[in-house]
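Read off the chains here:
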Amino acid sequence: MRTPLIAGNWKMNTDSNSAAALASEIAKRAGEVQDAELLVCPPNVYLTLVRDAIGDASVALGAQNMYHEANGAFTGEISAAMLCDLGLQYVILGHSERRHILGESDSDVNKKALAALAAGLVPVVCVGEQLADREAGKTAEVIRGQFDGSLAGITAEQIQSVVLAYEPVWAIGTGKVATPEQAEEVHADLRKQLTERYNSEIAESVRILYGGSVKPDNAAELLGQPNVDGALIGGASLKADDFLAIATAGAAVG
Ligand code: PGA
């Protein structure tokens, strides 16, 4: 049984007051959500204040990115060890905005995933096709390439600590959500790849999140798909009401 993971990717949003207020509200109401795990990923500069606002509520904390080296002369970067030092459990890796705006490759994502796992963080590894890929009928090929490249060298033991996220690039921040059938098709193929590379028992244990315009009114249908094990939420995660409504919908069908 896979516990749904409902993850908020705050991206480059909030300020210190609104980040603390949002985290406090989610923490205060986390008990409303049974049978799903909550995760918030604020901007790095607000990690400590969000951690403190969460206190001992059942809300996990993650970063939106990290660098693969442990320390040294890498101006502007932060390491997995630093995230662990702050008490984080998760890190999003290979988000499409990092791949397509900031030029990250599968190999970059792979190095980061291995470093995160070595440090004891759970990487949320994102994959997703662009609109042109989908229109050219290349969705499966693109996702398989990202899967192979981003997860190279990850052992059977390590993959069980990885979360995958399918985020069609054309659905992110656009209001154009994938249909539940489109999401399920890719999620089922990702699970098949996990089975082929590892085995079916391991494949069944890995959570695969859907991301891209998830809102309270489409969450139940998306999260009700057999291979959709949670959501990675951008815009709607900035409102506690919407985030918790999605989580409640996910828990109900999870
Ligand atoms: P969105 O973003 O929910 O605003 O579409 C999703 C994401 O990028 O993780």
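Look up a bit, the structure's there.
From a predicted model like this one, the values you see are computed outputs, not experimental measurements.

Digging into the overall build of the protein
Right, so step 1: In terms of regular secondary structure, the protein is built from twelve helices and eight strands.
Right, so step 2: Radius of gyration (C-alpha) of the protein: 17 Å, near the 18 Å computed for a compact globule of 254 residues.
Right, so step 3: Dimensions of the protein, computed from C-alpha atoms along their principal axes, come out at roughly 45 × 45 × 35 Å.
Right, so step 4: Across the 254 residues in the protein, those meeting the buried criterion constitute 52%.

A look at the site of the ligand
Right, so step 1: Among the 13 residues in the neighbourhood of the ligand, the closest are listed as Lys11, His95, Glu167, Gly173 and Ser213.
Right, so step 2: The separation between an oxygen atom of the ligand and a polar side-chain atom of Lys11 is 2.7 Å.
Right, so step 3: Contact distances for the ligand include 2.6 Å between an oxygen atom and a side-chain N or O atom of His95.
Right, so step 4: Summarising the interface, the protein chains cover 97% of the accessible area of the ligand, which totals 280 Å² for the free molecule.
Right, so step 5: Most atoms of the ligand, that is more than half of them, are within 2 Å of grid points of the second largest pocket.
Right, so step 6: Taken together, the residues that form the shell around the ligand break down as four nonpolar, seven polar and two charged.

Comments concerning the sheet that holds strand E7 (residues 208-211)
Right, so step 1: The sheet built from eight strands closes into a barrel, its strands ordered E1-E2-E3-E4-E5-E6-E7-E8 with parallel pairing. Pairs of neighbouring strands in the sheet enclose a mean axial angle of 25°, with direction left out of account.
Right, so step 2: Relative to strand E3 (residues 59-63), helix H2 (residues 47-54) is tilted by about 175°, and along the sheet it contacts strand E2 (37-41) and E3.

Digging into the state of the cysteines
Right, so step 1: Scanning the entire structure with this criterion turns up zero disulfides.
Right, so step 2: Residue Cys84 stays outside any disulfide, its sulfur separated by 14 Å from that of Cys41, the closest cysteine.
Right, so step 3: The thiol of Cys126 is not disulfide-bonded; the next cysteine sulfur, from Cys41, is found 9.5 Å away.

Quick notes on the packing of helix H1 (residues 16-29) against H2
Right, so step 1: With their axes 8 Å apart at the nearest point, H1 and H2 run at an angle of 30° to one another. With respect to H2, the element H1 is oriented roughly parallel. As H1 runs across H2, the sense of the crossing is right-handed. Facing H1, whose interface residues are Ser16, Ala19, Ala20, Ala23, Ser24 and Ala27, H2 presents Leu49, Val50, Ala53 and Ile54.
Right, so step 2: Of the residues in the contact of H1 with H2, the class split is eight nonpolar, two polar and no charged.

Some thoughts on H2
Right, so step 1: For H2, the complete set of buried residues consists of Leu47, Val50 and Ile54. Take H2 and look down its axis: the buried residues cluster within an arc of 65°, on one side only.
Right, so step 2: On its buried side, H2 packs onto H1, E2, E3 and helix H3 (80-85).
Right, so step 3: One or two residues past the end of H2 sits Gly55, with phi positive at roughly 55°.

Things to note about the packing of H1 against helix H12 (residues 240-253)
Right, so step 1: Here H1 crosses H12 at 35°, and the two axes come no closer than 10 Å. Relative to H12, H1 is oriented so that their crossing is right-handed. Residues Leu22, Glu25, Ile26 and Arg29 of H1 touch H12, and the partners they reach there are Ala240, Asp241, Phe243 and Leu244.

Some remarks on helix H11 (residues 216-223)
Right, so step 1: Of the residues making up H11, those classed as buried are Asn218, Ala219, Leu222 and Leu223. Angularly, the buried residues of H11 cover 120° about the axis, an arc narrow enough to put them on a single face. Turned more than 90 degrees off the buried face of H11, the exposed positions are Asp217 and Glu221.
Right, so step 2: Its buried side turned inward, H11 meets strand E1 (5-9), helix H9 (180-197), E7, strand E8 (230-233) and H12.

Reading guide: rules and limits
Within each chain, residue numbers correspond to sequence positions counted from 1 in written order. Totals for whole chains, interfaces and linings use all residues, but because this is a predicted model, local features are given only for residues with pLDDT of at least 70 and pairs of side-chain atoms are given and counted only at 80 or more. The side-chain values count all of the structure's non-hydrogen atoms but skip hydrogen atoms and water molecules. Under the scheme used here, helices are H or I runs from DSSP no shorter than 4 residues and strands are E runs no shorter than 2 residues, and both carry numbers assigned from the N terminus. Just to be clear, the radius of gyration here is over C-alpha atoms, and the globule rule we use is 2.2 Å times residues to the power 0.38. Only protein chains enter the accessibility calculation, which uses a 1.4 Å probe; a residue whose area is less than 20% of its type maximum is buried, one above 50% is exposed, and one in between is partly exposed. Note on definitions. A residue lies near a molecule or strand when any single heavy atom of the residue is within 4 Å of it. Whenever two N or O atoms come within 3.5 Å, that pair is a polar contact, provided that in protein one can donate a hydrogen and the other can accept it, and provided that, for residues adjacent in sequence, both atoms are side-chain atoms. Calculation of accessible area relied on Shrake-Rupley with a 1.4 Å probe; when residues are assessed, cover is drawn exclusively from the protein chains displayed. Think of a 1 Å grid over just the protein atoms. A cavity is a set of points where a 1.4 Å probe fits yet cannot get out, a pocket is an open set with protein on both sides within 12 Å along at least five of seven lines, and lining residues have an atom within 4 Å of a point. For a cavity or pocket, the test is whether more than half of a molecule's atoms lie within 2 Å of its grid points; if they do, the molecule sits there. Residues are grouped as follows: Ala, Val, Leu, Ile, Met, Phe, Trp, Tyr, Cys and Pro are nonpolar; Asp, Glu, Lys and Arg are charged; all remaining types, including Gly, are polar. Strand pairing requires that DSSP identify at least two bridges connecting the strands. Angles run from 0 to 180 degrees between N-to-C directions of axes, and those axes are lines fitted to C-alpha atoms, restricted for helices to the stretch in contact. Contact definition: two residues touch when any of their heavy atoms are within 4.5 Å. Any two cysteine sulfur atoms within 2.5 Å of one another count as a disulfide. Small angles under 35 degrees read as roughly parallel and large ones over 145 as roughly antiparallel, with 65 to 115 read as roughly perpendicular and the rest as oblique. Left-handed describes a crossing whose near helix is turned anticlockwise from the far helix through less than a right angle; right-handed describes the clockwise counterpart. Directions drawn from the helix axis to the C-beta atoms are what define this arc.

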